[in-house]
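A structural walkthrough
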Amino acid sequence: MKSRVSYNLNSNTVFLMDFKKPIFNKHIKFEPGKDNSINVSSNLLLSQIIELYCGESREGLAIEKNAYGKPYLTNRENVWFNLSHSGSVMALLLSRAGDVGVDIECRTDQKDYVKIARRFFHAEEKSSLSKLDPHSAQRRSHMLWCLKEAYIKAIGKGLAQPLNSFRFEISRHHVDLYEPAQLHISQRWQCQYHELDNHYGLSVCIPQGTSLLLSIRCARVLHPLQGETRSGRSDHFQHTELP
């Protein structure tokens, strides 16, 4: 019998997967024709990663949802997670530090992010966007959308938290979050945006002062070192390959 090998789990680790490519085993498959294919595959992947990195059996993995629909583990102490997918690509954020949120989004010309921003975003964000040229405004709106998704997932409220009740300020190298009714930069969360390539953006929201590590498995096009990273002020960003 092959012994189980466990790997050290960083305080916050993002796993990027492309389900169109073979990953851990033959049981994890992506079938575009089936509506629940990505959900079934995601749960299998989550259970295998927990076994690999936490050294615990994936048998009996118990997942429940809070009042707003955010899933969480009920039988694993000090392990938090969040999932996001766009197309066949999934991002899994696993944490030992606390509640977290992640969003991965494929940027497409068919989606008018500026229109979404004008309708739903904070007044100061809309004012900032109005000063940009159309191409830059579209790109910045996409970044804000990803960041907002990660934040509302981290706090566990989803869209029950109005998108215009909090705001982000994005500068060249970092992201500042102003939570609802707060005049100062958040001391609870650090939010990061990573431009993975010309199509995908990844945002994470993790507890302030903790580190982030990115693991890529069979995701050839998703390589953040080729793109742009905008992080919270306490950024510790690394890159690795899954073993």
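Our structure is the block above this text.
These lines cover the structure that appears in this document, whether it is placed above or below. Predicted model, so just to flag it, every value in this text is computed and none were measured.

Details of the overall build of the chain
- For the chain, the helix and strand inventory stands at 4 helices and 13 strands.
- The buried share among the 243 residues of the chain stands at 49%.
- The contacts in the chain between residues at least 6 apart in sequence include a share of 59% that link residues at least 24 apart.
- Approximately 12500 Å² of the chain is accessible, and the part contributed by carbon and sulfur atoms is 47%.

Topic: the packing of helix 2 (residues 113-120) against helix 4 (residues 134-154)
- Contact geometry of helix 2 with helix 4 gives a least axis separation of 8 Å together with a crossing angle of 60°. Classified by the interaxial angle, the pair formed by helix 2 and helix 4 is oblique. The interaxial crossing formed by helix 2 with helix 4 has left-handed handedness. Residue-level contacts link Tyr-113, Val-114, Ile-116 and Ala-117 of helix 2 to Ala-137, Gln-138, Ser-141, His-142 and Trp-145 of helix 4.
- Counted by class, the contact of helix 2 with helix 4 contains 6 nonpolar, 3 polar and no charged residues.

Remarks on the pairing of strand 7 (residues 167-170)
- The sheet contact formed by strand 7 and strand 8 (residues 175-178) spans 4 bridges and is antiparallel. Its bridge partner being in strand 8, Ile-170 is matched across the sheet by Val-175.
- Between the antiparallel neighbours strand 7 and strand 8 lie 4 residues.

Notes on the environment of Glu-125
- If you trace the backbone, Glu-125 turns up in helix 3 (residues 123-129).
- What makes Glu-125 buried here is its relative accessible area of 3%.
- A sequence separation of 42 residues divides Glu-125 from Arg-167, and the C-alpha atoms of the two residues are 6.7 Å apart.
- Aside from chain neighbours lying at most four places away, what touches Glu-125 is Leu-144, Lys-148, Phe-166, Arg-167 and Phe-168.

A few points about the environment of Gln-182
- Relative to the helices and strands, Gln-182 resides in the loop between strand 8 and strand 9 (189-195).
- Relative accessible area serves as the criterion here: at 46%, Gln-182 is assigned to the partly exposed category.
- C-alpha of Gln-182 to C-alpha of Phe-166: the two residues are 16 residues apart in sequence and 8.3 Å apart in space.

Points about the pattern of salt bridges
- Tallied over the full model, the rule gives 8 salt bridges.
- Asp-99 is the salt-bridge partner of Lys-70, the closest N and O atoms lying 3.8 Å from each other. Within this pair, whereas Lys-70 is found in the loop between strand 2 (63-65) and strand 3 (71-73), its partner Asp-99 is found in the loop between strand 5 (89-95) and strand 6 (101-106), the two being separated by 29 residues in sequence.
- Given a relative accessible area of 11%, Lys-70 falls into the buried group.
- For Arg-139, the salt bridge goes to Glu-195, with nearest N and O atoms at 3.3 Å. Here Arg-139 is found in helix 4, whereas its partner Glu-195 is found in strand 9, with 56 residues between them in sequence.
- A residue is classified by how much of its surface remains accessible, and Glu-195, at 8% relative accessible area, is buried.
- Shared partners join several salt bridges into a network, and the residues in it are Arg-107, Arg-139 and Glu-195.

Parameters at a glance
- Residues numbered from 1 in each chain as written.
- Predicted model: local features only at pLDDT ≥ 70, side-chain atom pairs only at ≥ 80, totals over all residues.
- Heavy atoms only, no water.
- Helix = DSSP H or I, 4+ residues; strand = E, 2+ residues; numbered from the N terminus.
- Buried < 20%, exposed > 50% of the residue type's maximum accessible area, 1.4 Å probe, protein only.
- Contact = heavy atoms within 4.5 Å.
- Areas by Shrake-Rupley, 256 points an atom, 1.4 Å probe, with all protein chains shown as cover.
- Axes fitted to C-alpha atoms, helices over the stretch in contact; angles between N-to-C directions.
- Parallel < 35°, antiparallel > 145°, perpendicular 65-115°, else oblique.
- Left-handed = near helix turned anticlockwise from the far one by under 90°.
- Nonpolar A, V, L, I, M, F, W, Y, C, P; charged D, E, K, R; others polar.
- Pairing = 2+ DSSP bridges.
- Salt bridge = Lys/Arg side-chain N within 4 Å of Asp/Glu carboxyl O.

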